[in-house]
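Given next are the chains, with one letter for each unit.
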Amino acid sequence: MSFTITVLMENTAPEGALAGEHGLSLLVEGQGVRVLYDTGPSPRFLFNARALGAELEGLDALVLSHGHYDHTGGAAALLTGPKPPKSIYLGRDFFARRFKRGGSEIGSLLDERTAVQSAEVHIVGDEPLRIAEGVFAVSGFTRTNSVELPDADMQRETSGGLATDTFCDETALVLETPTELTLISGCSHVGCANMCTRVEELFGRKVDTFIGGTHLMNADDERIEQTARLLRQHGVRRLGACHCTGCRANEYFASAYPGWFASNVGSRVTVG
């Protein structure tokens, strides 16, 4: 039992036929199921999918990690195509308006009307939702360590005005096989180690592989080293940090984290 994860969109791409953008889109295939995790900042991930021979028509599910533009920009193009995904998985308050401190709006580019008219929408709350055998959407993350604190620059609209975003909608994709537990994250706004803690509690085992954004692009050396230490403590053997991880953190992981691997546009990795 295994799954293959193909990077359809990420910040960096090899020179040639593939395009890179600040965003993330991953295709998960295995056990007769196809799940897309995020759609990057624009429909350009569809171009990469064609170039890579990745079939996106009639997907079993689309899972969106959180309501930011760089993960949802291509969703409408996918959902209004001839054979849209059968289901969509979103966290709570996914469609709340989001801002970066200073005023720029950074929220979802997928609107609620398009979502509900295109496919069956599932809201991921405190309990994991089973998408298929060995494939789960997980949300309800909390902050359990003193390192991964809220980012005051990330804000959301509330009834009382703008407030620091706690990312209650953040949703991970978890792949469970007899030999490996894989956590796939969009940006890890709640902290990648905090996400590992919850997944461990839910599944009763350590996270073996972590793939996705770690939101360390503006982190200093101390924070990067602390994150690496926490992930090692959680037992993460393979680390495919990408997207919002940033060059500085990825250079550190590449040199100091055993099991680190590149996750750029066109990369493929098998888990399980």
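Residues numbered from 1 in each chain as written. Predicted model: local features only at pLDDT ≥ 70, side-chain atom pairs only at ≥ 80, totals over all residues. Heavy atoms only, no water.

Engineer: Before we move on, can you summarise the nonpolar core with the specific residues and values?
Structural biologist: Membership of the largest hydrophobic core comes to 29 residues, with the highest contact counts inside it found for Leu183, Val199 and Phe253. Looking at this core, the elements that each hand over two or more residues are β9 (135–138), β12 (172–176), β13 (181–185), α5 (192–203), α6 (221–233), β15 (238–242) and α7 (247–256). When residues in this core are grouped by element, the largest group, five residues, is from α5. By size, the runner-up hydrophobic cluster in this structure holds 25 residues, among which are Ile5, Val33, Tyr89 and Val135. (Core = buried A, V, L, I, M, F, W, Y, C linked by side-chain atoms within 4.5 Å. Buried < 20%, exposed > 50% of the residue type's maximum accessible area, 1.4 Å probe, protein only. Helix = DSSP H or I, 4+ residues; strand = E, 2+ residues; numbered from the N terminus.)

Engineer: Run through the pairing of β12, naming residues and quoting values.
Structural biologist: Extensive coverage of β12 is indicated by the burial of four of its five residues. Bridge count between β9 and β12: four bridges; the pairing is antiparallel. What sits directly across from Val135, in β12, is Leu175. Pairing of β12 with β13 involves four bridges; the strand directions are antiparallel. Along β13, the bridge assignment pairs Leu175 with Thr182. In this structure, the hairpin formed by β12 and β13 is closed by a connection of four residues. (Pairing = 2+ DSSP bridges.)

Engineer: Outline the layout of surface pockets, listing residues and values.
Structural biologist: The space that makes up the largest pocket amounts to roughly 350 Å³. Forming the walls of the largest pocket are 21 residues, and the residues nearest its centre are Leu149, Pro150, Asp151, His215 and Arg223. Split by residue class, the lining of the largest pocket holds eight nonpolar, six polar and seven charged. Of the pockets and cavities examined, the second largest pocket occupies roughly 240 Å³. Lining the second largest pocket we find 16 residues, and of these Glu10, Thr12, Gly246, Cys247 and Asn250 sit closest to its centre. When residues of the lining of the second largest pocket are traced back to their parent elements, those giving at least two are β15 and α7. (1 Å grid on protein atoms, 1.4 Å probe; cavity = no way out; pocket = protein on both sides within 12 Å on 5 of 7 lines; lining within 4 Å. Points joined across faces, edges and corners; volume = space filled by probe spheres on them. Nonpolar A, V, L, I, M, F, W, Y, C, P; charged D, E, K, R; others polar.)

Engineer: Account for the side chain of Ser25, naming residues and giving values.
Structural biologist: Inspection of the secondary structure assignment puts Ser25 in strand β2 (residues 25–30). Among the residues examined, Ser25 registers a relative accessible area of 0% and is labelled buried. Contact partners of Ser25, with chain neighbours within four places excluded, come to Thr6, Val7, Leu8, Met9, Leu36, Tyr37, Asp38, Thr39, Gly40 and Phe45. (Contact = heavy atoms within 4.5 Å.)

Engineer: Tell me about the sheet that holds strand β10 (residues 154–158), residues and numbers included.
Structural biologist: Here we have three strands laid out as an open sheet, ordered β6-β10-β11, and antiparallel in their pairing. The open sheet terminates on both sides in strands that have one partner only, identified here as β6 (98–100) and β11 (161–164). When the angles between neighbouring strand axes are averaged without regard to direction, this sheet yields 40°. For β6 and β10, the ladder comprises three bridges, and the chain directions are antiparallel. Within the sheet, the bridge partner assigned to Arg98 lies in β10 and is Arg156. (Axes fitted to C-alpha atoms, helices over the stretch in contact; angles between N-to-C directions.)

Engineer: Please set out the packing of aromatic side chains residue by residue, giving values where relevant.
Structural biologist: Two aromatic rings are characterised by how far apart their centres lie and by the angle between their planes. Evaluated as defined, the whole model comprises four aromatic pairs. Measuring from centroid to centroid gives 5.2 Å for Phe136 and Phe203, while their planes differ by 70°, and the two rings are edge-to-face. Taken as a pair, Phe136 in strand β9 and Phe203 in helix α5 lie far apart in primary sequence, 67 residues in all. Classification of Phe203 by relative accessible area gives buried; the value is 15%. Ring pairing ties together the aromatic residues Tyr252, Phe253 and Tyr257, which thus form one cluster. (Phe/Tyr/Trp six-rings, centres within 6.5 Å; stacked < 30°, edge-to-face > 60°.)

Engineer: Can you explain unusual backbone geometry? Please cite residues and give values.
Structural biologist: Even without glycine at this site, Asp93 takes up a positive phi of about 60°. By the secondary structure assignment, Asp93 is in the loop between β5 (87–91) and β6.

Engineer: I'd like a rundown of the sheet that holds strand β1 (residues 3–9), residues and numbers included.
Structural biologist: Strands sit in the order β7-β5-β4-β3-β2-β1-β16 across an open sheet of seven strands; the sheet is mixed. Edge positions in the sheet fall to β7 (120–124) and β16 (268–271), since each of these pairs with one other strand and no more. Across the sheet, the mean angle from the axis of one strand to that of its neighbour is 20°, orientation sign disregarded. Against the sheet, helix α1 (residues 44–52) makes contact with β1, β2, β3 (33–37) and β16, and its axis sits at roughly 130° relative to β1, the strand it touches most.

Engineer: Quick one: what's the story with the packing of α5 against α6, residue by residue and with numbers?
Structural biologist: Where α5 meets α6, the axes come as close as 9 Å, and the angle between the chain directions of the two elements is 15°. By the angle between their axes, α5 is roughly parallel relative to α6. α5 and α6 meet at a crossing whose hand is left-handed. Of the residues in α6, those in contact with Cys192, Ala193 and Cys196 of α5 are Thr227, Leu230 and Leu231. Per-class residue counts for the contact of α5 with α6 are five nonpolar, one polar and no charged. (Parallel < 35°, antiparallel > 145°, perpendicular 65-115°, else oblique. Left-handed = near helix turned anticlockwise from the far one by under 90°.)

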